[in-house]
Amino acid sequence: MSFHTLGCKLNFAETATFQRQFSERGFATVDFREDADVVVINTCSVTENADRDARKAVRQALRRSPGAYVIVLGCYAQLRPDELAAIDGVDLVLGAEEKFHIMEHADPAWRKDQVRIAVGDVADAADFGVAYSAEGGARTRAFLKVQDGCDYNCSYCTIPMARGGSRSENIERTLEHARDIIAQGFHEIVLSGVNVGDYGAGTDTGFHDLLVRLLDLPGEFRVRISSIEPNLLGDDIIALAVANPKLVPHFHIPLQSGSDAVLRLMRRRYNTRVYRERVEAVLAALPDAAIGIDVIVGMPGETEEMFREAYQFLVDLPFTYLHVFSYSERPGTDALAIDGKVSPQERARRSSMLRTLSQRKRRAYYDRQLGRTLQVLFESGGDGSVSGFSENYVRVSVPWQPGLENRILPVRCESLGKDVVVGTVLEKPVIDGAYVALPVVGA
Ligand code: SF4
């Protein structure tokens, strides 16, 4: 059988879990580009392009394996199951809740005699399905799903309709999975979710409690928060990162717009003053921390003046990099009713301006690392070099030598390459932290 995943890290983590479930039943997995008897496609619906990619993936799978039993699930499946079921050859469409019971819904005989849709009301989605996945199949970083769904109501966003309300697994079970990940030899756990900082909403434990317990686990590993809303990034979480280097100094904080008027149209839960104050709080406590930001351009109602204001806010803000998204109309969202549509050409222009700004800021940040020693988790090598990410999310490359892959090692940063800092591996760890870098084999 084969799997194909579109969209976010959460989808990848969930696909990895479906794969384990099938493997326990004796199914062998082949590459998605190969012929397969059963195909599972985990879709995304964050933009119109994502929907198109999902339909394309289904058609590709059917062209390759016309007789395959095809299961489609994920956000697009929850939101518009009929569109997927209408593709000739699709056998099963599963919704946000039903996908966690994939084995019960699939026809045990894998018969292709009729398409079945099992998609309930997303408001009833209560299952969680703890999941984790390895990046690129290597045992370096594991994406651990700790939270799902969202109770916020951002006017442009379709995710609450696709994934349901905010929910999380309890701490004990989450820790069980973290222990499992560490025992398998992963050195970095990336805490993933739709709204990770909302972990434990509705219970008496919160995200800070989870972090404290996680950081307390024994082993040579570090923890990265994939993304956290500014209103949920409290001083207590920042203080944890100061006190324990296992929690890396890298915060990805969605902003979406640097204009207060646009933030109101988006129904975000903060304004630019609050946002700036959070970034300053991080940098006051951790001056070398990386700050990543999500921004959306071309939201309906975003005038040229508002965009200029947002742009200037970002120029003045000390951040490291941006993830820039062009607004995409999503059926069922309130943003569709907002006046002042921005043309696709204008969205592209604004997006390009911000991407250029991001490159400039990232370059300046990388430049500031020269002369510093960073703790790099090495991934895979090639062309005589091997690279990985540092604790503060700098891509660092060193000349290849055996034994570097999947190790956290101290590297002195020496020069700038293209989108990378080039350095030399030091033999001894410089940060006297809770994890200890291993000596370089063969050094
Ligand atoms: S916080 Fe807003 S943008 Fe993020 S998932 Fe929730 S509703 Fe969507």
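It should be noted that the structure appears before, not after, this text.
The structure displayed is predicted, hence computed values, not measured ones.

About the thresholds
Residues numbered from 1 in each chain as written. Predicted model: local features only at pLDDT ≥ 70, side-chain atom pairs only at ≥ 80, totals over all residues. Heavy atoms only, no water. Pairing = 2+ DSSP bridges. Helix = DSSP H or I, 4+ residues; strand = E, 2+ residues; numbered from the N terminus. Axes fitted to C-alpha atoms, helices over the stretch in contact; angles between N-to-C directions. Contact = heavy atoms within 4.5 Å. Phe/Tyr/Trp six-rings, centres within 6.5 Å; stacked < 30°, edge-to-face > 60°. Buried < 20%, exposed > 50% of the residue type's maximum accessible area, 1.4 Å probe, protein only.

### A few points about the sheet that holds strand E10 (residues 188–192)
Spatially, E6-E7-E10-E11 is the arrangement adopted by the four strands of the open sheet, whose pairing is mixed. In the strand order of this sheet, the two ends are held by strand E6 (132–134) and strand E11 (222–225), each with one partner. Direction aside, the axes of adjacent strands within the sheet are offset by 25 degrees on average. Where E10 lies against E11, four bridges are found, and the strand directions are parallel. What sits directly across from Glu 188, in E11, is Arg 222. Along the sheet, helix H7 (residues 171–183) makes contact with E6, strand E7 (141–145) and E10, crossing E7 at roughly 165 degrees.

### Observations regarding the sheet that holds strand E17 (residues 395–399)
Taken in spatial order, the five strands of this closed barrel run E15-E16-E17-E19-E18, and their pairing is mixed. Going from strand to strand, the sheet's axes swing by 50 degrees on average, the running direction of each strand aside. As judged from the two bridges shared by E17 and strand E19 (residues 420–425), these two strands associate in the parallel manner. Paired with Val 396 across the strands is Val 421, a residue of E19. Sheet strands touched by helix H13 (residues 344–368): E17, strand E18 (408–417) and E19. Its angle to E18, the strand with the most contacts, is close to 120 degrees.

### Some details on unusual backbone geometry
The residue Gln 256 is not glycine, and still its phi comes out positive at about 80 degrees. Structurally, the position occupied by Gln 256 is in the loop between strand E12 (250–252) and helix H10 (260–266). With a phi close to 60 degrees, Asp 419 is a non-glycine residue in the positive phi region. If you trace the backbone, Asp 419 turns up in the loop between E18 and E19.

### Quick look at the packing of aromatic side chains
Taken as a whole and assessed by the stated rule, the structure comprises ten aromatic pairs. An angle of 85 degrees between the planes, with centres 5.3 Å apart, marks the rings of Phe 22 and Phe 27 as edge-to-face. A residue is classified by how much of its surface remains accessible, and Phe 22, at 0% relative accessible area, is buried. Exposure remark for Phe 27: the relative accessible area of 25% places this residue in the partly exposed category. Measuring from ring centre to ring centre gives 6.2 Å for Phe 22 and Trp 110, while their planes differ by 40 degrees; the resulting arrangement is tilted.

Purely geometric numbers; function is a separate question.
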